[in-house]
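Residue-level listing of the chains:
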Amino acid sequence: MPHEYKSFAYNPPPGLRTPEPRHGVVIVGAGPVGLAMALDLAHRGIASVLLDEGDRVATGSRAICWSRRSLEILDRLGVADKVLDIGTPWQVGRTCYGDQEVFTEDFGRDPGDRMPPFVNIQQYFIEEFLVDAVLDHPLIDLRFKNRVIDVEAGTEAATLSIKTPDGPYMLEADYLLACDGARSTVRATMDLEFEGEMFEERFLVADIEMEADFPPERWFWFDPSFHDGQSALLHRQAGNVYRLDLHLGRDANAKQEVRPEKVIPRIEQVVGPDFELDWVSVYTFQCRRLARFVHGRVIFLGDAAHVVAPFGSRGGNGGLRDVDNLGWKLAAVLQGRAPETLLESYDRERVQSADENLTQAIRATRFMTPRPGVEQLFRDQVLALAGKAEFARPWVNPGRFSQPTVYRTDAPDDRLLPALSRPGAVAPDAPQGSGWLMQALGAEARLVAFNCDPPAGLEVPKLRAEVNETVRRRYLGRADRALYLIRPDQVVAARWVAAEPKAVSAALRALWEGRE
Amino acid sequence: MTLITTPNLDGHDAFMAELLDAHRGLSEAESQALNAQLILILANHVGDLDVLREALALAGQK
């Protein structure tokens, strides 16, 4: 049975009657990114108005594969338990050429991690969980059926023209956060253009429901016998719903392809006759981004800022990391704890990450849909070699999976300490008593001491961590003690084996100034 | 390591002969496939991206 999409209540906004006072933050788009953004800010004490043109969650599974880092972020926002409860955790990706398996990837489970490497769950569930949390939060004013039709971006504020079922009104905001997706209205009204590559290859995507015992793994086929000369991807989601992506080629007709008489026989060739079709769509994709994500008082996040090909789960996960990066910075600026220049570091760091995602996505796309001629030749010969020579197996590229970007930084570091937790990287999790380090870090900047006393007198919460096998492996390496300064988004800001209070104090200043 | 551009393979005449023998009787497409596989196999054997980049640059020189 297809998912039941309930509609959320529309209430006439106060601005229809009398002008509203200027808001600190207005967020446009209540998809996963906008919803998470409102929650993250609310947890930091920042109120927001969240506008969405519709009144229900996204149709179809869309972003299904959520990474460990996304699960950690969702946990901070209070919805990870629900995701883990019904999602399908997985760690093995299998790639076939024809009907022969040529490449297997195992992302593994480390006892040092609370979260699995990936959980598959339909985007509509993620949105529903976030909407519930948002509606419960007194600091968030979520307005459905509020469509932004124009934006004026000033130097001190942004002004929005909004259309509702009861007529138009205006809103003013200190900061406007554009989370309104790949076809962002905010981006269009500001005449900002994406730069990058567009691809003409068409893919069919379908959610199918079936009683089957396919293992919870990612299956990718190049040239399978069941789908002539193209590629296919099958993935298990929450419930008995599977996600199928089929490469159709350049010339496929989108309208024809989604007709039941066309799509059902295609899917039958893959999984047999016993399934129910919940949702089907045809897509092409792009690998493009805005040149800058921060435009004065308007800041772009998620697909509104950058779009990538879907193979590698970089869309939803990248969007949540945008939220993760911006939330603490914007809160600090609005609360007067940091200079406005801190927001420039959002631009720098998330552009770096978007570029990594674009590079990876373009490489995978060229491998999956090579141009005729030499691209096709080398792609095919890598696949042919993979069947007979071990070295070529990892060269097969069915999409490389999203890993959190390690931000560029010149912050203090010590070579005795392990590379995994170097400055710029997300602090790795570790068990702590009956809980976890990630939970103990919370959402504030923290000075974490391993086998030592944190220097006194600094204005930052301190945490003395329990040293165990995981901590030694992930935080100490060849040292017997260490001090880590960790940002509110759990990125390592700086670290020392022998810390001078002066150096720590300088690193703390650099953190709040957003220095590289 | 840098790319070796001075004589380094003693049996070069033999290799040339065997390379051509390997292509004998192949169609154009089969020859292309053989060449592509050879490049990939040798690239893995070299195992050094910087050296491979030098080789790409040298091959691309007019």
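In every chain, residue numbers begin from 1 and rise along the written sequence. Labels are handed out in written order, letters beginning with A for the chains and numbers beginning with 1 for the ligands. For this predicted model, a pLDDT threshold of at least 70 governs which residues receive local features, and a threshold of 80 or more governs which side-chain atom pairs are given and counted, while totals over whole chains, interfaces and linings are taken from all residues. Remark: hydrogens and water are excluded; side-chain values derive from all non-hydrogen atoms of the structure.

Caption draft 1: The arrangement of the overall build of chain A in detail. For helices the rule is a DSSP run of H or I covering at least 4 residues; for strands it is a run of E covering at least 2, with both sets numbered from the N terminus onward. Looking only at helices and strands, chain A has 13 helices and 27 strands in total. Relative to its length of 516 residues, chain A is compact, with a C-alpha radius of gyration of 24 Å against a globular reference of 24 Å. Based on the C-alpha atoms only, the size of chain A along its principal axes is roughly 70 × 65 × 45 Å. Think of it in three bands: residues with accessible area under 20% of the maximum for their type are buried, residues over 50% are exposed, and the middle band is partly exposed, with areas taken using a 1.4 Å probe on protein chains only. Counting all 516 residues of chain A, 57% fall into the buried class. Accessible surface is estimated by sampling points in the Shrake-Rupley manner with a 1.4 Å probe; for residues, cover comes only from the protein chains shown. In the form shown here, chain A has an accessible surface area of approximately 21,400 Å², with 48% of it arising from carbon and sulfur atoms. Positive residues here are Lys and Arg, negative ones are Asp and Glu, while His and the chain termini are left out of the count. Charge coordinates come from a single atom per side chain, which is NZ of Lys, CZ of Arg, CG of Asp or CD of Glu. Measuring between centres, the 61 positive side-chain charges of chain A sit 4 Å from its 75 negative side-chain charges. The atom set for the radius of gyration is the C-alpha atoms, and the globule formula is 2.2 Å times the number of residues raised to the power 0.38.

Caption draft 2: Focus on the pattern of salt bridges. Residues and elements named next belong to chain A. The term salt bridge refers to a side-chain nitrogen of Lys or Arg lying within 4 Å of a carboxyl oxygen of Asp or Glu. Within this structure, the stated rule accounts for 45 salt bridges over all chains. Across the pair D55 and K145 runs a salt bridge, and its minimum N-O distance is 4.0 Å. You can see D55 sitting in the loop between β2 (48-51) and β3 (65-67) and its partner K145 sitting in the loop between β8 (140-143) and β9 (147-153), a full 90 residues away along the chain. In this structure D55 comes out as buried when scored by relative accessible area, which is 15%. Overall, the relative accessible area of 36% leaves K145 in the partly exposed class. With a shortest N-O distance of 2.8 Å, R487 and E349 are connected by a salt bridge. With R487 in the loop between β26 (482-486) and β27 (492-496) and E349 in helix α9 (residues 342-368), the pair connects residues that are 138 residues apart, well separated along the chain. Comparing R487 with E349 shows no difference in burial state: the two are buried.

Caption draft 3: Seen up close, helix α1 (residues 12-23) of chain B. With 12 residues, α1 of chain B should reach 16 Å at 1.5 Å per residue; the first-to-last C-alpha distance of 17 Å fits that figure. Phi turns positive one or two residues past the end of α1 of chain B, at G25 of chain B, with a value near 85°. Multiplying 1.5 Å by the residue count of a helix minus one yields the expected span of that helix.

Caption draft 4: Expanded view of the sheet that holds strand β18 (residues 286-289) of chain A. All names here are of chain A. Read from one edge to the other, the open sheet built from three strands follows the order β12-β18-β21, with strand pairing classed as antiparallel. The open sheet has two edge strands, β12 (195-198) and β21 (306-307), and neither has a second partner. Strand pairing is assigned whenever DSSP identifies at least 2 bridges connecting the two strands. Relative to β18, β12 is paired through four bridges, and the arrangement is antiparallel. Across the sheet, the residue bridging to E195 is R289, located in β18. Sheet contacts for α9: β12, β18 and β21; angle to β18, the most-contacted strand, approximately 160°. When checking whether two residues touch, look at their non-hydrogen atoms; a contact exists if any pair is within 4.5 Å. Structural elements are reduced to axes, namely lines fitted to C-alpha atoms, with helices fitted over the stretch in contact, and the angle between N-to-C directions of any two is expressed from 0 to 180 degrees.

Caption draft 5: Representation of the interface of chain A and chain B in the model. Between chain A and chain B, the contact holds nine residues from the first and nine residues from the second. For the chain A and chain B pair, buried surface summed over both sides reaches about 850 Å², with 77% attributable to carbon and sulfur atoms. Considering only the surface of chain A that becomes buried against chain B, F378, Q381 and F391 of chain A emerge as the three largest contributors, covering 48% of it. On the surface where chain A and chain B come into contact, there are zero salt bridges. In protein, a polar contact requires one atom able to donate a hydrogen and another able to accept it; more generally it is a pair of N or O atoms within 3.5 Å, and residues adjacent in sequence count only if both atoms are side-chain atoms. Across the contact surface, chain A and chain B share two residue pairs in polar contact (both at pLDDT 80 or more). Computed with a 1.4 Å rolling probe, the buried area is the accessible surface lost when two parts are put together, summed over both parts.

Caption draft 6: Layout of the pairing of strand β1 (residues 23-28) of chain A. Residue and element names in this part refer to chain A. Burial runs high along β1: five of the six residues are buried. Sheet topology note: the β1/strand β11 (residues 167-178) ladder contains five bridges and is parallel. Residue V25 lies in a different strand from β11, and its bridge partner there is Y175. By the bridge criterion, three bridges tie β1 to β2 in an arrangement that is parallel. Paired with V26 across the bridge in β2 is V49.

Caption draft 7: Geometry of the domain arrangement of chain A. Residues and elements named next belong to chain A. These domain boundaries are the output of an automatic or database domain assignment. One can read the domain layout of chain A as domain 1 (14-86 + 118-196 + 287-358) and domain 2 (419-513). One C-alpha centre belongs to domain 1, the other to domain 2, and the line joining them spans 29 Å. On the side of domain 2, 14 residues touch domain 1, which itself brings 17 residues to the contact. Across the domain 1/domain 2 interface, buried area totals approximately 1,200 Å², and carbon plus sulfur atoms make up 52% of it. Broken down residue by residue, the surface that domain 1 buries against domain 2 is led by R69, E72 and W328, which jointly contribute 39%. If you look at where domain 1 meets domain 2, you find one salt bridge. Seen at the junction of domain 1 and domain 2, the total is six residue pairs in polar contact (both at pLDDT 80 or more). Secondary-structure elements contributing two or more residues to the side of domain 1 that touches domain 2 are α2 (68-76), α8 (315-334) and α9. Only Asp, Glu, Lys and Arg are considered charged, only Ala, Val, Leu, Ile, Met, Phe, Trp, Tyr, Cys and Pro nonpolar, and every remaining residue, Gly among them, polar. Of the residues assigned to the side of domain 1 that touches domain 2, the class counts are five nonpolar, two polar and 10 charged.

Caption draft 8: Quick look at helix α13 (residues 501-513) of chain A. All names here are of chain A. Helix length check: α13, at 13 residues, gives a terminal C-alpha distance of 19 Å against a target of 18 Å (1.5 Å per residue), a fit within 8%. When α13 is considered as a whole, its buried residues turn out to be V504, A507, L508, A510 and L511. Projection of α13 onto a plane perpendicular to its axis shows the buried side chains occupying an angular sector of 160°, all on one side. Summarising the contacts, the buried residues of α13 are in contact with α8, α9, β24 (446-450), β26 and β27. Of all possible arcs, the one meant is that of the directions from the helix axis to the C-beta atoms.

Caption draft 9: Representation of the sheet that holds strand β25 (residues 462-465) of chain A within the structure. All names here are of chain A. The mixed open sheet is built from four strands, whose spatial order is β25-β24-β26-β27. The two strands at the open ends of the sheet, each matched to only one other strand, are β25 and β27. Geometrically, the sheet is characterised by an average inter-axis angle of 20° between neighbouring strands, direction not taken into account. As defined by bridge partners, β26 adjoins β27 across four bridges and the pair is classed as antiparallel. By the bridge assignment, I486 is partnered in β27 with V492. Packing of helix α12 (residues 469-476) onto the sheet brings it into contact with β24 and β26, and relative to β26 it is tilted by some 75°.

Caption draft 10: Seen up close, the environment of V49 of chain A. All names here are of chain A. Position of V49 relative to the elements: it lies in strand β2. Taking the relative accessible area as the measure of exposure, V49 reaches 3% and is therefore buried. Those residues in contact with V49 that sit more than four places away from it in its chain are H23, V25, V26, I27, D141, R143 and L171.

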